[in-house]
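An overview of the molecular structure
What follows is each chain in one-letter form.
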Amino acid sequence: MHKELENTHKELENTHKELDSIRWEGNVRRVEPYVPGEQPKKPGIIKLNTNECPYPPAPGVREKLSQMDADQFRLYPDTSAGALAEALCEYYHISQDQLFIGVGSDDVLAMAFLTFFNSEKPIYFPDITYSFYDVWAQLYRIPYETKTLTGDFKIRKEDYLEENGGIIIPNPNAPTGILEELEVLEEIIGANPGSVVIIDEAYVDFGGRSCLELIGKYDNLLVVQTFSKSRSMAGMRIGFAMGNPKLISYLNDAKFSFNSYTMNMPSIVLGAEAVKDTAYFQETVGKIIATRERVKMELKKLGFSFPDSKGNFIFASHEKVAAKEIFAALKEKGIFVRFWDRQRIDNHLRITVGTEEEMDIMLAHLKEIVEA
Ligand SMILES: *Cc1c(COP(=O)(O)O)cnc(C)c1O
């Protein structure tokens, strides 16, 4: 009898616990998070899966790093990221009130979604694009509508001319690498004075034309760029946005209501060094473009087809062998590329452009895989 009572008591207790968990879980802001590409730790692998730059940052970055005094870490960093802001303003010929700096462009974009996409009307972005956009929209409860790209992955301008709560388009687009003409983007920006249009230019340095030249003309345009790809500093987490001072001041208001000290001291100092070395930047980007164009020709010979990428990656599919199979076979050889098991793109691989040597090794393996 005593035992039975004890059991009943336990059961009751468990039911209470369950109810409690249901009660608080009902209030959780649930979200299905973004899944970044793998960062494998194994030595000797060839990593072509997250569009990092295969070359080191500018030599000045290493030098500055070696002179850095850890004692300075006692102090909070400069909330305006002054040194970095100055270098960027000089490089892009803008003033500091046209510039916003964040912890990688992911942080900048997350802040921009929070600040500018605050309408009941849906925001628009392409159905095949950077897969973080719908995650932020879900996190912030922003209504959104994806616009279907054409069969050859091009955006349809008309899709972005209806009334909306905001627009985000990457140029070049990811993961296709397709560059949209500035004139087309300008038409979209100009047709939407009632909403903010964000152009995500993570890959623009690899042969695209930036919308930066339009920020003086359109007060609803925000151009976002990053140090992660073309400036070889993904690990430092530096991104920035350029736009008219009013947009930037709203962005800063949101950011300073969140965390004033987002940019740490090393990224401010080292980021500035990277921007100052224009020659090195051009050399690195030039090498990647040259390698990309060579790899395109080699891939074609092997039976691959792909949109004409202007990024540091190629979005390729093979005429005979399934992408999933190639992905697994390459991984087996220690070569990591990106594959998404998602409708419309599940027969494509996104291959980051690495060094010449890395590409040669990858091409040799691809040849074996597709001719087996
Ligand atoms: C890589 C990437 C980003 C984010 O880069 P950060 O490392 O956060 O600066 C943003 N948008 C696109 C389209 C990207 O490919």
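Residues numbered from 1 in each chain as written. Predicted model: local features only at pLDDT ≥ 70, side-chain atom pairs only at ≥ 80, totals over all residues. Heavy atoms only, no water.

1. Some remarks on the sheet that holds strand β10 (residues 313–318)
- Taken together, the four strands give an open sheet; going across it, the order is β9-β10-β13-β12, and neighbouring strands pair in antiparallel fashion. Looking along the sheet, the strands with just one partner apiece sit at the ends: β9 (304–305) and β12 (338–339).
- Relative to strand β13 (residues 349–352), β12 runs antiparallel, the two being bridged by two bridges. Residue pairing across strands places F339 opposite L349, the latter belonging to β13. (Pairing = 2+ DSSP bridges. Helix = DSSP H or I, 4+ residues; strand = E, 2+ residues; numbered from the N terminus.)

2. Some remarks on the domain arrangement of the chain
- Partitioning the chain into structural domains gives domain 1 (46–54 + 279–371) and domain 2 (59–277).
- Taking only C-alpha atoms, the centre of domain 1 and the centre of domain 2 are 26 Å apart.
- Taken residue by residue, the interface counts 26 residues in domain 1 and 29 residues in domain 2.
- Summed over both partners, the interface of domain 1 with domain 2 comes to about 2200 Å²; 62% of that surface belongs to carbon and sulfur atoms.
- At the junction of domain 1 and domain 2, the tally comes to one salt bridge.
- Among the ionic pairs, R344 bridges to D127, the shortest N-O distance being 2.6 Å.
- Counting the contacts that link domain 1 with domain 2 gives nine residue pairs in polar contact (both at pLDDT 80 or more).
- Of all elements in the fold, only α9 (278–301) and β10 reach the threshold of two or more residues within the side of domain 1 that touches domain 2. (Domains from an automatic or database assignment. Contact = heavy atoms within 4.5 Å. Buried area = accessible area lost by both parts, 1.4 Å probe. Salt bridge = Lys/Arg side-chain N within 4 Å of Asp/Glu carboxyl O. Polar contact = N/O pair within 3.5 Å; in protein donor to acceptor, adjacent residues only side chain to side chain.)

3. Regarding helix α8 (residues 265–276)
- For α8, built from twelve residues, the straight-helix expectation of 16 Å at 1.5 Å per residue is met to within 8% by its first-to-last C-alpha distance of 17 Å.
- Most of α8 is tucked away: ten of the twelve residues are buried.
- The inward-facing, buried residues of α8 abut α2 (59–66), α3 (82–92) and α9. (Expected span 1.5 Å × (residues − 1). Buried < 20%, exposed > 50% of the residue type's maximum accessible area, 1.4 Å probe, protein only.)

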